[in-house]
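A look at the structure
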Amino acid sequence: MTTPHHATDFLHDLRRRSATEGGVFWVDDGLLAVFEPHAARKVSGANWSDLVMHDRLTDLLRRRSSTPVRWTRVRGAWLTQLHRLATAEHNVRMLERMELTVGEVLGEDDVDLVMLAQEVAVRSLLPLALSGLTDREAAVVHEDLHQKLVRLIALEPVRGPWGRLLFTTVQVRAGLVVRRVLRQRASGRRPRELDLADPFVDLLPELGMDRALDVVTAVLTAIGGPPGAAAASVLYELVRQPEWTERLTEELAGADPERFFASPTRTAPVTHRFVKEVLRMWSPPLVLMRQARQAFDLGPATLKEGQGYLLSPHLIHRDGRNWQQPDTFDPDRFLPDAPHGPADKASYVPFGWAPKNCVGADLGTTQLMLLCYLMTTRYHLTVPDPDALTVAYRFAPVPQAFRGTLAQR
Ligand code: HEM
């Protein structure tokens, strides 16, 4: 069993080995670490170039192959919706949902900031993934995401038969909610919505319900982990870097709100650099485990079909061969021509690699910038001894005993 302590040691060990063994090395007999940026890009590109979805249940039951659906089509549908959602109006609504969540803990002593960041992220993103839910349906989906997250953060196994039953029950109930929403939208009993699930209502005849559920679940899983972990890291650096918080406050308090909500990255370049540096230092997920779908010759090692490999944006970002002073927090390394900027494009990969890179990269960046906006213009976050904070490695970096107080400005 992996314990929290082992997870942190494991990552430190991978980093040490990567430095001495050149970025591509065998972790054990069947698992290759691919932490060299160009090798990581190459293996990802080749491994997923022709990815299709099969309908496993139909194939099994009917003993024939279902019509494959290309993964690029699924991604195309997500990207089209995300483009429609990238407006000032939707950004303001996302900000309001974030404010509602923070509002619930305003003035409380000793708020768990890791869990708050997760709540802020999930509650503000959920309606973009799946909207129009009743309160009960939203609570079930939320509970499913929450219990998965607790396992990832605390590395706690689900204990005992009752614990496992409860875990599975919540997961199944969340799946039933998604199925019901898709079915009712298809039959006209529920209105269509502008969310990431909606394009798959039209594709239902082709995809079938099981594949449609997998696609919606992929987005729910994607919003349930990394965005909240990144939000916790933003809060962590805001309290650890007072001079940067000062610069952000100046920029964001002085920005024209209309322009900022319409185009945060263009309107607030200092805040954008800050968020990029947070994602360089603390990229979630720390390690991605993949299986080779074909054989690859990566120079120092050959990967056979079916063998596993590990990728890690975090370890690429913390490698002295790709970045100068990789452990120093300095957003100005993202200024054009900064001497301590990335060695090349392949060295900055917080959103992974094509063709399976994160479709929510822009949305995720916007959300983190909105969080900076809230924390510098509307609230004041106080943490007793920021310099004493430490970060443990779980599925993502998790600041330990990260507790504080939020007050209205
Ligand atoms: C700062 C926040 C986020 C971070 C750091 C992040 C990071 C990642 C990473 C590293 C991957 C794996 C890429 C690979 O395998 O090469 C990924 C995949 C994905 N992310 Fe994100 N993500 C974030 C926010 C979001 C948001 C807001 C969404 C909502 C749309 C999202 C949706 C997805 C999806 C659907 C995938 C799977 C793509 C595929 O399999 O083709 N992510 N993300």
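Each remark here, short or long, concerns the structure printed above.
Notes on the structure in this doc start here. All values reported here derive from a predicted model rather than from experimental measurement.

Considerations on the pattern of salt bridges
- By the definition in use, this model includes 24 salt bridges.
- As a salt-bridge pair, Asp110 and Arg403 come within 3.3 Å of each other at their nearest N and O atoms. Of the two residues, Asp110 is situated in the loop between α5 (88-103) and β5 (111-112) and Arg403 in strand β13 (residues 403-408); the sequence distance between them amounts to 293 residues.
- For Asp110, a relative accessible area of 48% corresponds to the partly exposed category.
- Relative accessible area serves as the criterion here: at 35%, Arg403 is assigned to the partly exposed category.

A look at the packing of helix α12 (residues 242-254) against helix α17 (residues 361-378)
- Packing of α12 against α17 leaves a shortest axis separation of 9 Å and a crossing angle of 90°. In this view, α12 runs roughly perpendicular relative to α17, as classed from their interaxial angle. Contact residues: α12 offers Thr245, Leu248, Thr249, Leu252 and Ala253, while α17 offers Cys372, Tyr373, Thr376 and Thr377.
- Each residue belonging to the contact of α12 with α17 can be placed in one class, and the counts come to five nonpolar, four polar and no charged.

Here's the deal with the coordination of the iron atom of the ligand
- In this structure, the iron atom of the ligand receives exactly one donor atom from the protein: Cys358 (SG), at 2.2 Å.
- Structurally, Cys358 is set in the loop between α16 (313-317) and α17.

Some words on the sheet that holds β5
- Pairing is antiparallel across the open sheet formed by three strands, whose spatial order is β5-β13-β10. The open sheet has two free edges, formed respectively by β5 and β10 (379-382), since each of these has just one partner strand.
- In this sheet, β13 lies alongside β5 in antiparallel orientation, the contact comprising two bridges. Its bridge partner being in β13, Val111 is matched across the sheet by Gly404.
- With respect to the sheet, α17 is in contact with β10 and β13, its orientation differing from that of β10 by roughly 95°.

A short note on the sheet that holds strand β6 (residues 288-291)
- The strand order across the open sheet formed by four strands is β1-β2-β9-β6, and the pairing between neighbours is mixed. Taken across any chain shown, the strands that pair with only one partner, and hence form the sheet edges, are β1 (24-28) and β6. For this sheet the average axis-to-axis angle between neighbouring strands, irrespective of direction, equals 30°.
- Where β6 and strand β9 (residues 308-311) come together, four bridges link them in antiparallel fashion. Bridge pairing links Gln291 to Gly308 in β9.
- Along the sheet, helix α2 (residues 37-47) makes contact with β1, β2 (31-34), β6 and β9, crossing β9 at roughly 130°.

Points about the packing of aromatic side chains
- A full pass over the atoms with the stated rule returns twelve aromatic pairs.
- A centroid spacing of 5.7 Å and a plane angle of 90° characterise the contact between Tyr236 and Trp282, whose relative ring orientation is edge-to-face. Of this pair, Tyr236 sits in helix α11 (residues 226-240) while Trp282 sits in the loop between α15 (269-281) and β6, placing them 46 residues apart in sequence. Assigned by exposure class, Tyr236 and Trp282 land together as buried.
- Both rings, one in Phe260 and one in Tyr373, keep their centres 5.1 Å apart while their planes meet at 20°; by these two values the pair is stacked. Residue Phe260 is found in helix α13 (residues 257-262), and its partner Tyr373 is found in helix α17; the two are separated by 113 residues along the sequence.
- An aromatic cluster is defined as three or more aromatic residues linked by ring pairs; in this entry it consists of Trp71, Trp78 and Phe200.
- The ring of Trp323 carries the charged tip of Arg280 above its face, separated from the ring centre by 5.2 Å.
- Taking the ring centre of Trp48 as reference, the NZ or CZ of Lys356 above it sits at 5.1 Å.

Regarding the pairing of β9
- What you see with β9 is no split at all: Gly308 and Leu310 on one side and Tyr309 and Leu311 on the other are buried throughout.
- When β2 meets β9, the two strands line up parallel, connected through three bridges. The partner of Leu31 across the bridge, within β9, is Gly308.

Quick notes on the site of the ligand
- Around the ligand, 24 residues are found, and the nearest of them are Trp71, Arg75, Arg290, Lys356 and Cys358.
- In the model, an oxygen atom of the ligand is placed 2.9 Å from a nitrogen or oxygen of the Lys356 side chain.
- Only α4 (71-85), α10 (204-224), α11 and α17 provide two or more residues apiece to the shell around the ligand.
- Its residues assigned to classes, the shell around the ligand shows 18 nonpolar, three polar and three charged.

Criteria and thresholds
Residues numbered from 1 in each chain as written. Predicted model: local features only at pLDDT ≥ 70, side-chain atom pairs only at ≥ 80, totals over all residues. Heavy atoms only, no water. Salt bridge = Lys/Arg side-chain N within 4 Å of Asp/Glu carboxyl O. Helix = DSSP H or I, 4+ residues; strand = E, 2+ residues; numbered from the N terminus. Buried < 20%, exposed > 50% of the residue type's maximum accessible area, 1.4 Å probe, protein only. Axes fitted to C-alpha atoms, helices over the stretch in contact; angles between N-to-C directions. Parallel < 35°, antiparallel > 145°, perpendicular 65-115°, else oblique. Contact = heavy atoms within 4.5 Å. Nonpolar A, V, L, I, M, F, W, Y, C, P; charged D, E, K, R; others polar. Donors = N, O, S within 2.8 Å, 3.2 Å for Na, K, Ca; no water. Pairing = 2+ DSSP bridges. Phe/Tyr/Trp six-rings, centres within 6.5 Å; stacked < 30°, edge-to-face > 60°. Lys NZ or Arg CZ within 6 Å of the ring centre and 35° of its normal. Near = heavy atom within 4 Å. Polar contact = N/O pair within 3.5 Å; in protein donor to acceptor, adjacent residues only side chain to side chain.

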